[in-house]
Structure formats: C-alpha cells, structure tokens
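Now for the letters of each chain:
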Amino acid sequence: VSRPKPGEWEEGNSNNGNKWTTLEHKGPLFPPEYEPLPNNVSFFYNGNPVKLTLPAEEVATFYAKMLDHEYTTKSSFQENFFTDWREEMSVEEREQIKKLSKCDFTHINKYFLDKSEEKKAMTKEQKQVLKEENNKLTEEYGFCELDGHREKIGNFRVEPPGLFRGRGEHPKMGKLKKRIQPEEITINCSKGSNIPVAPKGHRWRKVQHDNTVTWLASWVENVQGNFKYVMLNPSSKLKGEKDWQKYEVARKLKLKVETIRRLYREDWKNREMKTRQRGVALYFIDKLALRAGNEKEESETADTVGCCSLRVEHITLHQEKGGQEFMVEFDFLGKDSIRYYNEVPVEGRVFKNLKLFMENKEPEDDLFDRINTTYLNKHLNQSMPGLTAKVFRTFNASTTLQEQLNKLTTGYLEEKLLSYNRANRAVAILCNHQRAAPKTFEKSMQNLQDKVAQKQQQLDVARKELKDAKKEHKRGGTERTRKLVEKKEAVVKRLEEQLKKLQLQMTDREENKVIALGTSKLNYLDPRISVAWCRKFNVPIEKIYNKTQRDKFAWAIDMTEEDFQF
DNA sequence: CCACCCACTTAGAAGTAGTGAG
DNA sequence: CTCACTACTTCTAAGTGGGTGG
C-alpha cells in the first residue's frame, strides 16, 4: 500500500479539519454475555449459602475475582462496591444482605482460580483453537477501511463491565462499571458505507457521519461520565501523521525557545502578579518538564496536580540546602498519582517570587492563584502558533535524548545499547516516568547475579588452564602445546566477552528497576532521533524498537534523511 | 470570564504469549 | 517438554486542550 511520506502530509487534508473522506467498519465487538455460576458454587452470607439473582451474582463475581488484590482491602473500595452492588440486588436480597463483612466470596474466588488453572492446563491444540477464534474476531472487527486503506483499530472491544479501578486514592474506586448496551453507542462512519449491524434485537443509539472527528464509535461511561471512543491504532496513517506534526511543532519550538526563555525571565520582574506567576510557571514547565496542570473536579478524582494547580503545600523553600542557594523542594502527586519529588536550585528572582506567591496563604491554597492553563496556553500561542504547555515536554525530552546520544562512544553492541538505554532513562527521569518495581525484580536480579558468578567461575578455571598450557608449552614447545595455548586463549577471550555482556545486561536491568523504559517515553521522543542514531552506529532497529513500536514509527523508519538532527 | 462538553494524547497496570534454561 | 520469567500487547484511566454558550 503506497502512502504519502510525512513531508507530503502537511499539504494534505490537514487544512480543512476533515479527518477522512470514507470510513467503513463493523462496529465495536461486545464482551460475552454473563455466564451464571454453576449450582455447586455458592456465595455465603453470614455463613449460609445464598443463591443470588443473576444481576447481583454477576457483580458479586467482579468482587470475588479481585479478592487477592490490594484494592479489596481499601475501605472506600469496599463501600463503593457494596453501595453499587446493593443497587443491583432484588428487594429481598437487599433486605437480607446488609453488611459486606458478612459476605463470603471465597468459593466464587476459588471457582475462578480453578478455571484459570484449567485454561492454563489446556493442550496445545485446544489453545491453538482458541487462538484461531480470537484471530478471526480480530480479523473481522479489528480493522476498518479509511480512505481506501485497511487500517488497524486500537480498541475495537467494548469495555466489559467490572469494578472501577482508579489510580491512587480515587474516591470512586470500587464503583460498578456497568455493561454497555448497543443502545448507548454512537457509530461514526461514512454515508455510503455499509453501516455496522447492531447485535440481534438491539439498535445503536445513533449513527452519524462526522468526518471532522477520528473515532468510529463512542459511548459515555457511567462511573465518571466520561466519553469513551473506539479509535485507530497508532500505526495508522491518521495517528502517524498527527504524531509527526507533534514533533514538527516541538522542533519549531527549538528555534524559538531562547526568545521565549528571555521573555518569561522578563516576566519575573513585571509589576503585575499575574504576569510574574505566568513567568515562574513557564520556567517550571520548561526547566522541570512539569505537566500543565488543568483544574479538576475535587472529590470526583484523586488529588493530583500539575504546574498550574500546584498548591502551597507542594513546595518548600530552602534559602540554603546541601550547600546550594535558593533550593525549592517539590513533593506532590502527579498524573496517575505518581509522586514527584525533586530538590531544585532556582534563580534568586524565582525564589523571591515564590516567597511572594506564598505570602498570607494557607497550605491548601493555589500557588499560582492568578493563572490557569487556558491563560498560559493563550499566551504561549502568541509566542508561536501551535505552542502549548505540553509541547515543552516533547521538546525537552527529545532535546535531551539527542544531546545524550550525540556524546556516545562506540563499543560492543551491548555497550551501545546500554548507553542508548541510559539516554532514554535520562528522559524518563526528566519526565518523572516511574513504575512500581516488578514483583519479581529481586529474584530476577539474583538470577542474573548467579549467572555472572557462574561465568566468573568458568573464567577462573579457563584462566588457570591457560596458565598451565603456557607453562607446558614453555617446558617443551611443540606444535601440540602451541595449539593448546591458542585454544585456551580463545576460550578465555570468549568467556571474558560473555562475562562483560552479562554484567552490562545486569547493570541495565538494575537501572531499570523503577525508571520505566516502557511505552511512555515513546510519546515524547521523535523516533527520527533514534533511527538516525541506529544508522550512524550500525545498530539494528529491532534492538531498540519492538514490532509494535516499529509499526508506530514506520514513517520515521522509512525516512531518507540520513543525518537527522532534532 | 467560567462551566461544561468533547476529542484526543499520555500513562502505568494487567494480561498474555513467547522463549530459553533445565 | 515444561515451567518460570520476561517481553510484548492490551486495557482503560487520567491527563491536555479546544470549543461553545451564557
């Protein structure tokens, strides 16, 4: 399939706001109907088995499946679940079941555990059959036709019902996420196309033909009232083009950033408080890659903040700390309730301004009380069309990667990769990308450690053997002893190499404990930087991007620009 | 302005498949 | 061949930011 190259995208259909001309798809795929529990599996209340009505039973299974999850130990999860569960009960059930503490889901839990064991224990052939069935569904529902191209859909399945799992201290955790009916779903496709057929006995909420948006189907989720969309996979032209544009905006910022920095530094001395706050907020966003920090609905969501929504309690000023002047200590929960902790030396003027912003305020007051993200973005847009707060993250992340990669040395492939990963981790640290340490982390480190020890031992033995061989050769040098020395030398060399590689691998793993090298960084790093680096240092692209990533970045991997610089 | 609506990107966790050592 | 572990994929929550209308 021939596609326009990124350079040609600009002139393409981006001007008029239309996202496509034709769009045809099969509609989203619904999760299977609820399968009632067999009669020998019981829910117990107050020690007695209780046969639940189907709707109540289904919700009970959601909880039962999560019994060994930390969520179920949290009181707000329990309370939210119980309240919503009771809504699904019959009058009689509601009368009978009044306390979660008297509910016993362990039998149901065991039933599902056994079931998953059974599934694991299936024969190869049975598993193959299941896989085939799944492939068939993906083949049928997982693709659409957009402007004559067959494109992969990102999420073609309707989200199944379950219990809401918020991140952090989410006030709505445990609430029932209801089953979505076709009657709630809006379909978006082109006028003349084959309209998706709703499941038997059902109809869609609405079928529309709006080509100014990119989604194929949408519905409103009941827990928070948010919109949910079925959209294309990142490998699609539509998403790829958008991604490319994002990096082009970031590159444009690179040309302007010095001017913008000069301007916000000027703002620090402005007589208006609002302007000063704007200047300091931008400084944080630029220097620390903080997120913009939109306001969010209190008590509806976890208490997290970004730059503009920082509160006085989130920073501590130190005139002097650790031998450095004007230190600001940040401690707050950001997106996904990931903790941001940082001690940063700032310029005297910034420090003075922060003091001013905090004067006569309570800890829970906004630090930047005169500004918000809309105001900030409007201001940024005046400096450069298309510039918003989030562009700084893309710009700073990509710039950091480029700088790190520019100072690389050569060596073994493993050494190059370690350096590459380190450059990536520098970005992850900048963006505060973290993850919970994997449960098996310590163990896997130990395994590597053991491997290293084993290799070291082999090496010791080999060295000893080499020494002996050399001795023997010295005593009476023959062709045979010379060959032996050569052979032993080769063995030692090979083992040394293997040991070194193992150690490199171990270092990499260790450094990867909490600093995520997952998918997050991919959102900020212009793939052309990495592709150019691979070419320059003769590293196969598969070593740094897996299949999914290569699909996503096909537009960059195909690029002809040999010596791309961000 | 502000509140709300909507569409889209970004994010870590969870789930699954593949792989390599024993 | 099996099983444990890892690497990859999927899932969906949680952000950003534009628009609109009062």
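You'll find chain A entered in an unreviewed UniProt entry as DNA topoisomerase I, with Oncorhynchus kisutch given as the organism. Per UniProt, chain A carries the Subcellular location (unreviewed entry) text "Nucleus". Checking UniProt for chain A, the heading Sequence similarities (unreviewed entry) contains the comment "Belongs to the type IB topoisomerase family."

A. Expanded view of the pattern of salt bridges. Tallied over the full model, the rule gives 37 salt bridges. The partner of Lys-74 in a salt bridge is Glu-169, with the nearest N and O atoms 3.6 Å apart. Of this pair, Lys-74 sits in the loop between helix H2 (54–65) and helix H3 (75–88) while Glu-169 is found in the loop between strand S7 (162–163) and strand S8 (176–177), placing the two residues 95 residues apart along the sequence. The exposure class assigned to Lys-74 is partly exposed, which follows from its relative accessible area of 23%. Relative accessible area serves as the criterion here: at 60%, Glu-169 is assigned to the exposed category. Put simply, Glu-117 and Lys-120 hold a salt bridge, and the shortest N to O gap is 3.6 Å. Of this pair, Glu-117 and Lys-120 both sit in helix H5 (residues 106–120), three residues apart, roughly one helical turn. Residue class for Glu-117 comes out partly exposed when judged on its relative accessible area of 45%. Judged by its relative accessible area of 59%, Lys-120 falls in the exposed class. One continuous salt-bridge network, built from bridges that share partners, spans Glu-248, Arg-251, Asp-526 and Arg-528.

B. Quick look at the pairing of strand S6 (residues 149–152). Residues His-149 and Glu-151 line the buried face of S6, whereas the alternating positions Arg-150 and Lys-152 sit on a face that is not buried. In this structure, strand S5 (residues 143–146) lies alongside S6, joined through four bridges in antiparallel fashion. Residue pairing in the sheet places Phe-143 in a bridge with Lys-152 of S6. What sits between the antiparallel neighbours S5 and S6 is a turn of two residues, in which Asp-147 has the positive phi angle 50°.

C. Expanded view of the UniProt feature "active site" (unreviewed entry) in chain A. Here the UniProt-annotated "active site" (unreviewed entry) positions come out as Tyr-524. Its location among the elements puts Tyr-524 in the loop between helix H14 (479–511) and helix H15 (527–536). Ignoring sequence-local partners within four residues, the contact set of Tyr-524 consists of Tyr-247, Arg-393, Thr-394, Ala-397, Ser-398, Cys-431 and His-433. Looking at Tyr-524, its side chain comes within polar contact range of the side chain of Arg-393, at 2.8 Å.

D. Spatial organisation of the packing of aromatic side chains. For the structure on display, the rule yields 28 aromatic pairs. Ring centres 6.0 Å apart and planes at 65° place the aromatic pair Phe-82 and Trp-85 in the edge-to-face group. Highlighted residues: Phe-82 and Trp-85, both in helix H3, separated by three residues, approximately one helical turn. For the pair shown, Phe-82 and Trp-85 are each scored as buried. Between the aromatic rings of Trp-533 and Phe-537, the centroid separation amounts to 5.7 Å while the plane-to-plane angle is 45°, which identifies the pairing as tilted. Each of the two residues, Trp-533 as well as Phe-537, counts as buried. An aromatic cluster of three or more residues is present, and its members are Tyr-264, Trp-268, Tyr-283, Phe-284, Phe-330, Phe-332, Tyr-340, Phe-357 and Phe-368. Cation over ring: Lys-274 sits above Tyr-375, and NZ or CZ is 4.4 Å from the ring centre.

E. Molecular detail of the packing of helix H7 (residues 237–267) against helix H11 (residues 389–406). Orientation of H7 relative to H11, taken along the N-to-C sense of each, is 90°, at an axis distance of 9 Å. By the angle between their axes, H7 is roughly perpendicular relative to H11. Side by side, H7 and H11 meet where Lys-246, Tyr-247, Val-249, Ala-250, Leu-253, Lys-254, Val-257, Ile-260 and Arg-261 of the first sit next to Val-391, Phe-392, Thr-394, Phe-395, Asn-396, Ser-398 and Thr-399 of the second. Among the residues forming the contact of H7 with H11, the class breakdown is nine nonpolar, four polar and three charged.

F. Highlighting the environment of Asp-104. Summarising the element assignment, Asp-104 is placed in strand S4 (residues 103–104). A relative accessible area of 26% places Asp-104 in the partly exposed class. In this view, Asp-104 contacts Phe-43 and Phe-44; residues no more than four positions away in its chain are not counted. A distance of 2.6 Å separates polar atoms of two side chains, one belonging to Asp-104 and the other to Thr-106.

Definitions and cut-offs
- All chains use their own residue numbering, which begins from 1 and follows the written sequence.
- Following the order in which they are written, the chains are lettered starting with A and the ligands numbered starting with 1.
- The model is predicted, so local features are restricted to residues of pLDDT at least 70 and side-chain atom pairs to those at 80 or more, both for listing and for counting; the totals for chains, interfaces and linings are taken over all residues.
- By convention in this description, side-chain values take in all heavy atoms of the structure and omit both hydrogens and water.
- UniProt positions are given in the numbering used here, feature names are shortened, and annotations may be inferred rather than shown by experiment.
- Salt-bridge detection follows one rule: a side-chain nitrogen of Lys or Arg within 4 Å of a carboxyl oxygen of Asp or Glu.
- Helix and strand labels come from DSSP, where a helix needs a run of H or I of at least four residues and a strand needs a run of E of at least two; each type is numbered from the N terminus.
- Only protein chains enter the calculation, and the probe is 1.4 Å; a residue is then buried if its accessible area is under 20% of its type maximum, exposed if over 50%, and partly exposed in between.
- Paired strands, as defined in this entry, are two strands with at least two bridges between them according to DSSP.
- When checking whether two residues touch, look at their non-hydrogen atoms; a contact exists if any pair is within 4.5 Å.
- Whenever a nitrogen or oxygen atom comes within 3.5 Å of another N or O atom, the pair is scored as a polar contact, on the condition that within protein one atom can donate a hydrogen and the other can accept it, and that pairs from neighbouring residues in sequence are kept only if both atoms are in side chains.
- Under the pairing criterion, centres of Phe, Tyr and Trp rings, with the six-membered ring standing for Trp, must be within 6.5 Å; the plane angle then separates stacked pairs below 30 degrees from edge-to-face pairs above 60, leaving the rest tilted.
- In this scheme, the term charge over a ring applies when either NZ of a lysine or CZ of an arginine sits within 6 Å of the ring centre and within 35 degrees of the ring normal.
- Angles run from 0 to 180 degrees between N-to-C directions of axes, and those axes are lines fitted to C-alpha atoms, restricted for helices to the stretch in contact.
- Each angle is binned into one of four classes, with values under 35 degrees roughly parallel, values over 145 roughly antiparallel, values of 65 to 115 roughly perpendicular, and all other values oblique.
- We call Asp, Glu, Lys and Arg charged. Ala, Val, Leu, Ile, Met, Phe, Trp, Tyr, Cys and Pro are nonpolar, and the rest, Gly among them, are polar.

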